[in-house]
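Geometric and topological summary
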Amino acid sequence: MTSWKERLAERTDPELTREIDAYQQQLELRKQGKIEDNLFQETRLRRGVYGQRYDNGQRHDGIAQRTLGFPCGDLRKGPETLWDAPGMMRIKIPFGELSPERLEVLSDLAEEYSDAVCHVTTRQDIQLHYVHIEDTPDLMRRLAAVGITSREACGNSVRNITACHKAGCCRGETFDVTPYARAAMRFLLGHQDTQDFGRKFKVTFSGCAGDACGLTSLHDLGYIAKLDEQGRRGFAVYVGGGLGPVPYQAKLFDEFVPEEQILPLAQAISRVFARYGEKKNRGRARMKFLVHKWGIEDFRAEVIKELEQLPEDPAWTAFLEEVAAYGEQPAKPGEALGPTDDALFEAWRASNTYRQRQSGYAIAMATLPLGDFTSQQGRQLADIARRYNGGHIRGTVDQNIVLRWVSEADLPALHADLQAIGLGQAGAGTITDVTSCPGTDTCKLGIASSRGLAAELSERLAAKSEQLDPKVRELQIKVSGCFNSCGQHHIADLGFYGVSRKMEGTTVPHFRAVLGARRENNAHEYGQTIGAIPSRRVPEFVDRLTSLYLEQREGEERFPDYIKRLGKKGLKPVLEEFSKVPPKALDRSYYTDWRDAREFNISDIGTGECAGAVISRIDFDLQEAERLHFEGQIALEEHDYRKADETAYAAMLEAAKALVRTQKPDVATDADTLVSEFRTRLYDSGLFQDRFAGGKFAQYLFRRHEDRDRAYREDDARHLLEETQLFIEAAYACQARLDEQPQRATGA
């Protein structure tokens, strides 16, 4: 049977193929016990292969903890994660850009390897759940064939770069940020200066300062499009924002950074974060804590100093030619559409379409309940996009999908087609369109059922949507399963995150209310934490609070202003009205969570993998040396002696580079320079000298490097592979000695 690697060889970027080959070899090394738990966990996280609830083999059925049977025995894919347990695959979709072909591949993968559901996240990613790790290499190959990678979708890396879904079509944007977001994605992906972070790093691009599409305020690095007085393109740059348990607003780094300087600035900021960011205390390791600790002035000064020291890189400006040439092309001429007598269509049109700045065109939004679409819906949506808009599709940070460049005259027919596949619901961006993270359905950290509550709220509110006052209909609800804010509850009018409370010795699901955020100006003000409400009563609380708002608002007072005016003291009565929990004997419904029949408990909460372990750059480099050695052994078995020899030599160079980088991070990677630097810094200095073997193992590298007339024979390749293994072991020993040096210095 032909493998996916063979079938897709001509359609896949060779670099992506090489990366996936390397990942597949890492799986084999892990199964052989040659990569330790934490290192392998961070390795797979950086490929988007994530843990999932119950993957420790334990599940509470509401009565007692039960052991789930998996055939893998003790084999694990992380410290507390069993090999055969289903996991999650996070797939990076930069700025949410999809196409019919990509939608079809994602739909096929969801059907063949997952549960036939694609989930759009608040970072415009696509997630598949219930995936077996052994399937991930094939899954990656099929994604790569349509230009998608899952590299650095998780772990301590640059996450998916987001941007406004209206970019290029927005009536209020300064200019289209799409080509800049794409350039930043390409530049930062796998960049050597982004590999040693203590935590994740999030980047976004916004076309304007006023709207909330880009959400610049909650990012580590945010760019807002701007023109200077001469009309030159550039960006206002913000740094140090972030949500999570303790949300921080991003600080203005520079009022205007010219377009040709945005990539070197990102590189310099990455270097400063990697060098000075917290590594031990995971709860303080995001860049927002570093910016807050130093203050924006000192942080800016350090970045500028770093910027001045950066070696010139042609990639900083190479993308500008693409910017000038970039532009989406509509499939057909745009034609205006006047009012119709179809009330259902007009309701959908009012909430789910946006008139583009290009005359006669609109953006149409397919509302995805809970951010999900099925494999069948994905394929049908791909067909619809081909027919109506030439395939211009994007995911949104509110977990929906938009079709751009739709002729307004086609909107009634498009709406009918979306209804036929179950994606024609009105109310996008309103109170019925509830955002939710996966919560206790699949997340190891989930406390309460965010999806259960979101579904309940959405269905109840949608049922009475026509009766809702417009001031209530325009509100937004966002729900997270815990305090980590993956559902972005801090930036909603009504936000909720899962907690629990003990009542008479029994655990009761609650949600803490976070109210009154201001999303305009890129989410410039987060909501106030008010108090906890039993999960069962949250829908009633929403009804009561919105009714009070309509009764008590002053003039045209907006909801955030109303919440701010009342404050915690003013909101206390309504909170108390819904906070009481009856004894279980009177009402057992309080003791279960939404859409989960089990009696509630928090025993299933596991260790999160959001960040993974902090793994230093040298650990990854030495692992890569090991992998190359493994690849060389395979080549030897296949009688490809030249490849075995050259791969073994490459492994020694990789190990040497790992050590040199501890002293010179920017070392050039050509063989002559690496060997010269290794000789000077590690060999001549005595650092690489083994107590018993002296410099013997270094001679293996020197001898192979100097052999310019190499003959590729079986025995020579076999001997070189053996020497390579000894050289890598010596590199590990040298790393240990280097690690001890600061401790000795401190002790002295």
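Below, the structure is looked at part by part. Small disclaimer: the values here were computed from a predicted structure and weren't measured.

1. Quick word on the overall build of the chain
What the chain contains, in helices and strands, is 24 helices and 26 strands. What you see for the chain is a C-alpha radius of gyration of 27 Å, in line with the 27 Å of a compact globule of 748 residues. Counting only C-alpha atoms, the chain reaches 85 × 65 × 60 Å along its principal axes. The long-range share in the chain, meaning contacts at least 24 apart out of those at least 6 apart in sequence, stands at 70%. Of the accessible surface of the chain, which amounts to about 30,300 Å², a share of 48% is contributed by carbon and sulfur atoms. Computed over 100 positive and 114 negative side-chain charges, the inter-centroid distance for the chain is 4 Å.

2. A word on the packing of aromatic side chains
Following the criterion strictly, the structure yields 28 aromatic pairs and no others. An aromatic cluster is defined as three or more aromatic residues linked by ring pairs; in this entry it consists of Phe175, Tyr180, Phe205, Tyr223, Phe235 and Phe319. Lys166 extends its terminal NZ or CZ atom over the ring of Tyr354, reaching a point 4.3 Å from the ring centre. In this structure, Arg536 is placed above the aromatic ring of Trp594, and the distance from its NZ or CZ to the ring centre is 4.1 Å.

3. Looking at the sheet that holds strand S18 (residues 393-395)
Taken together, the 5 strands give an open sheet; going across it, the order is S7-S18-S19-S16-S15, and neighbouring strands pair in antiparallel fashion. Single-partner strands in this sheet number two, and they are strand S7 (97-98) and strand S15 (353-355). Across 5 bridges, the pairing between strand S16 (residues 361-366) and strand S19 (residues 401-407) is antiparallel. Each residue of the ladder has a partner; that of Ala366, found in S19, is Ile401. Packed on one face of the sheet, helix H12 (residues 343-352) meets S15 and S16 and runs near 65° to S15.

4. Structural notes on the layout of surface pockets
The computed volume of the largest pocket comes to approximately 1,300 Å³. In terms of lining, the largest pocket is formed by 50 residues, of which the most central are Ser351, Ala428, Gly429, Thr430 and Gln476. Considering every element that reaches the lining of the largest pocket, the biggest residue donor is H12, with 7 residues. Broken down by class, the residue content of the lining of the largest pocket amounts to 22 nonpolar, 16 polar and 12 charged.

5. Digging into empty space enclosed by the protein
This structure, assessed with the given rule, holds 9 cavities of 30 Å³ or more. Computed from the structure, the largest cavity encloses a volume of approximately 140 Å³. At 3 residues, strand S26 (residues 596-599) tops the list of elements feeding residues into the lining of the largest cavity. Taken together, the residues that form the lining of the largest cavity break down as 3 nonpolar, 5 polar and 6 charged. By volume, the second largest cavity amounts to about 80 Å³. Contributing to the lining of the second largest cavity are Leu16, Glu19, Ile20, Arg47, Met140, Leu143, Ala144, Ile148, Thr149, Ser150 and Arg151. Of all the secondary-structure elements, those providing two or more residues to the lining of the second largest cavity are helix H2 (14-31) and helix H5 (136-144). Grouping the constituent residues of the lining of the second largest cavity by class yields 6 nonpolar, 2 polar and 3 charged.

6. Concerning the packing of helix H15 (residues 450-463) against helix H18 (residues 538-552)
Close contact between H15 and H18 brings their axes to 10 Å; oriented N to C, the two are set at 45°. One finds that H15 runs oblique with respect to H18. Relative to H18, H15 is oriented so that their crossing is right-handed. Across from Leu453, Glu456, Leu457, Arg460 and Leu461 in H15, the residues of H18 making contact are Val538, Pro539, Val542 and Asp543. Classifying every residue of the contact of H15 with H18 by side-chain character gives 6 nonpolar, no polar and 3 charged.

7. Some remarks on H5
Most of H5 sits inside the fold, with 8 of its 9 residues counted as buried. Looking at H5, one finds that the buried residues are Thr136, Pro137, Leu139, Met140, Arg141, Arg142, Leu143 and Ala144. Lining the buried residues of H5 we find helix H1 (4-7), H2, strand S1 (49-50), strand S6 (87-91), helix H4 (100-113) and strand S9 (126-131).

8. So, the pattern of salt bridges
A full pass over the atoms with the stated rule returns 73 salt bridges. A salt bridge links Arg518 to Asp561, with the shortest nitrogen-to-oxygen separation between them at 2.8 Å. With a gap of 43 residues between them, Arg518 in the loop between strand S23 (506-515) and helix H17 (520-523) and Asp561 in helix H19 (residues 559-577) connect regions that are remote in the sequence. A residue is classified by how much of its surface remains accessible, and Asp561, at 29% relative accessible area, is partly exposed. The closest approach of N and O atoms between Asp707 and Arg710, which form a salt bridge, is 3.1 Å.

9. With respect to the environment of Glu97
Here Glu97 is to be found in strand S7. Along the sequence, Glu97 and Asp254 sit 157 residues apart, while their C-alpha atoms lie 28 Å from each other.

10. Here's the deal with the nonpolar core
Ranked by internal contacts, the top residues of the largest apolar core, which has 63 residues, are Leu128, Leu411, Leu414 and Leu418. In terms of residue count, the dominant contributor to this core is H4 (6 residues). Those residues in contact with Leu414, other than ones at most four positions away along the chain, are Trp348, Ala364, Ile384, Tyr388, Leu403 and Val406. One finds Ala167, Ala268, Leu310 and Val323 within the second-largest nonpolar core, a separate group that totals 45 residues.

11. Quick look at H19
Across its 19 residues, H19 extends only 20 Å between first and last C-alpha, which sits more than 12% below the 27 Å expected from 1.5 Å per residue. In the structure, H19 departs most strongly from a straight axis at Gly567, where the bend amounts to approximately 95°. If you check which residues of H19 are buried, you get Phe559, Pro560, Tyr562, Ile563, Leu566, Gly567, Leu571, Val574 and Leu575. In this fold, the buried residues of H19 make contact with strand S22 (494-503), S23, strand S24 (528-534) and H18.

12. Details of the side chain of Ser407
Note that Ser407 resides in strand S19. In this structure the side chain of Ser407 is engaged in a polar contact, spanning 3.0 Å, whose partner is the backbone nitrogen of Glu335. When sequence neighbours within four positions are dropped, the list of residues in contact with Ser407 reads Lys332, Pro333, Gly334, Glu335, Gly360 and Tyr361.

Reading the values: rules and limits
Residues numbered from 1 in each chain as written. Predicted model: local features only at pLDDT ≥ 70, side-chain atom pairs only at ≥ 80, totals over all residues. Heavy atoms only, no water. Helix = DSSP H or I, 4+ residues; strand = E, 2+ residues; numbered from the N terminus. Rg over C-alpha atoms; globule rule 2.2 N^0.38 Å. Contact = heavy atoms within 4.5 Å. Areas by Shrake-Rupley, 256 points an atom, 1.4 Å probe, with all protein chains shown as cover. Lys, Arg positive; Asp, Glu negative; His and termini not counted. Charge placed at Lys NZ, Arg CZ, Asp CG, Glu CD. Phe/Tyr/Trp six-rings, centres within 6.5 Å; stacked < 30°, edge-to-face > 60°. Lys NZ or Arg CZ within 6 Å of the ring centre and 35° of its normal. Pairing = 2+ DSSP bridges. Axes fitted to C-alpha atoms, helices over the stretch in contact; angles between N-to-C directions. 1 Å grid on protein atoms, 1.4 Å probe; cavity = no way out; pocket = protein on both sides within 12 Å on 5 of 7 lines; lining within 4 Å. Points joined across faces, edges and corners; volume = space filled by probe spheres on them. Nonpolar A, V, L, I, M, F, W, Y, C, P; charged D, E, K, R; others polar. Parallel < 35°, antiparallel > 145°, perpendicular 65-115°, else oblique. Left-handed = near helix turned anticlockwise from the far one by under 90°. Buried < 20%, exposed > 50% of the residue type's maximum accessible area, 1.4 Å probe, protein only. Salt bridge = Lys/Arg side-chain N within 4 Å of Asp/Glu carboxyl O. Core = buried A, V, L, I, M, F, W, Y, C linked by side-chain atoms within 4.5 Å. Expected span 1.5 Å × (residues − 1). Bend = angle between axes of the 7 residues up to and from the residue. Polar contact = N/O pair within 3.5 Å; in protein donor to acceptor, adjacent residues only side chain to side chain.

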